[in-house]
Amino acid sequence: MLLTVDIGNSQTVLATFDGERRVGCWRVTTEPRATADELRMLWRGLLCDTEITGVAACSTVPALLPSLRQLLDALEVPVVLIGPGVRTGVPLHVDNPREVGSDRVVTALAAHELFGRWPDGRGRPVIVVDFGTSTNVDAIGPEGQFLGGALAPGVEVSLDALATRAAQLRSVELTVPPQAIGKNTVAALQSGLVLGFAGLVDGLVARIAAEIVAQFGSAPVVVATGGLAPLVVDSCRSIGEREPDLTVHGLRLAFQRHQAR
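Residues numbered from 1 in each chain as written. Predicted model: local features only at pLDDT ≥ 70, side-chain atom pairs only at ≥ 80, totals over all residues. Heavy atoms only, no water.

You can see Val222 is positioned in strand E9 (residues 221–225). Taking C-alpha positions, Val222 is 5.2 Å from Ile239, a pair spaced 17 residues apart along the chain. Once residues lying within four places of it in the same chain are set aside, the contact partners of Val222 are Ile127, Val129, Val205, Ser238, Ile239, Gly240 and Glu241. (Helix = DSSP H or I, 4+ residues; strand = E, 2+ residues; numbered from the N terminus. Contact = heavy atoms within 4.5 Å.)

Shown next as structure tokens:
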């Protein structure tokens, strides 16, 4: 069984795969100061008696990398830690490839493999909207090349900023409001955050899609992913497909490619 581990700023997603089939999936809070022993105990508690034959991991939390490396080095199975210098087969058409987060690279890999084909087999561009700590809108070309994208604050980050900086505003439950015109502070915040971010996403997708069509002559498919996608995606008009955990699928694909070399 392959274990994939996507360590994000807010949450860590662990998933097990039997071939291409995802067997288990867990989301836990990321603890940036966790030790290798604490990570080992967490993984063991989630996996129980599952026999792990390989591990593929990526992290966007630099403070956690030493503990992660220590744990991975102690494992007696093949390990792939995605980072600068590790080949994934994704061409990075950006100014500085080392700046691109490993999670965005493997997510682009999964988006192309799972959604980047027309029925006749020709490559199709993909736009991935990743709703997490940040809201990432990334463009993938028809040959699987990472073209770049746009980064915006995440919904929860924006809510925390408002609650911290505005004396008369407070944290509220993030849920889809019944209407855009909020009749009280809570409803107004929910409208601005949920519907506002849906409008932000739709606007960015429209601009990025237009640039993709101008460059490749083909309209992209738009895929939503990430832990906060269920909150916003139904309010977006531009989303065509959903895959909550694209990144762990990308880790699976990267591991398979690495082992095939």
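Structure's up, so let's keep going.
Attention now moves to the sheet that holds strand E1 (residues 2–7). Read across the sheet, five strands follow the order E3-E2-E1-E4-E5 without closing on themselves; strand pairing throughout is mixed. Since the sheet does not close on itself, it has two edges, and those belong to strand E3 (21–29) and strand E5 (79–81), each with one partner. The sheet shows a mean angle of 15 degrees between the axes of neighbouring strands, taken without regard to direction. Sheet topology note: the strand E2 (residues 11–18)/E3 ladder contains eight bridges and is antiparallel. Residue pairing for E3: Thr16 is matched across the bridge by Gly24. (Pairing = 2+ DSSP bridges. Axes fitted to C-alpha atoms, helices over the stretch in contact; angles between N-to-C directions.)

Under the defined criterion, the tally for this structure stands at nine salt bridges. In this structure, Glu243 and Arg22 form a salt bridge, with 3.9 Å as the shortest nitrogen-oxygen distance. Of the two residues, Glu243 sits in the loop between strand E10 (241–242) and helix H7 (246–260) while Arg22 sits in strand E3, which places them 221 residues apart along the sequence. The exposure class of Glu243 is buried, given its relative accessible area of 16%. Note that Arg40 is salt-bridged to Asp37, the shortest N-O span being 2.7 Å. Of this pair, Arg40 and Asp37 are both found in helix H1 (residues 36–47), three residues apart, which corresponds to roughly one turn of the helix. Judged by its relative accessible area of 26%, Arg40 is partly exposed. Each of the salt bridges in this network shares a partner with another, and the network as a whole consists of Arg22, Arg27, Glu243 and Asp245. (Salt bridge = Lys/Arg side-chain N within 4 Å of Asp/Glu carboxyl O. Buried < 20%, exposed > 50% of the residue type's maximum accessible area, 1.4 Å probe, protein only.)

Considering all chains together, one arrives at zero aromatic pairs under this definition. Across from the ring centre of Trp118, 4.0 Å away, lies the NZ or CZ of Arg124, which sits over that ring. (Phe/Tyr/Trp six-rings, centres within 6.5 Å; stacked < 30°, edge-to-face > 60°. Lys NZ or Arg CZ within 6 Å of the ring centre and 35° of its normal.)

Moving on, we come to the UniProt feature "binding site: substrate" (unreviewed entry) in the protein chain. Summarizing the sequence annotation, UniProt attributes the feature "binding site: substrate" (unreviewed entry) to Gly101, Ser102, Asp103, Arg104 and Thr185 in the numbering used throughout. These annotated residues cover 85 residues of sequence, and their C-alpha atoms sit far apart, with the largest distance between any two at 38.6 Å. Within the annotated group, the residues that form the lining of the largest cavity are Asp103 and Arg104. Looking at where Gly101 falls in the secondary structure, it is placed in the loop between E5 and helix H3 (102–115). Structurally, the position occupied by Asp103 is in helix H3. Filtering out sequence-adjacent residues up to four positions away, Asp103 remains in contact with Asp6, Cys58, Thr60 and Thr247. (UniProt positions renumbered as here; feature names shortened; annotations may be inferred. 1 Å grid on protein atoms, 1.4 Å probe; cavity = no way out; pocket = protein on both sides within 12 Å on 5 of 7 lines; lining within 4 Å.)

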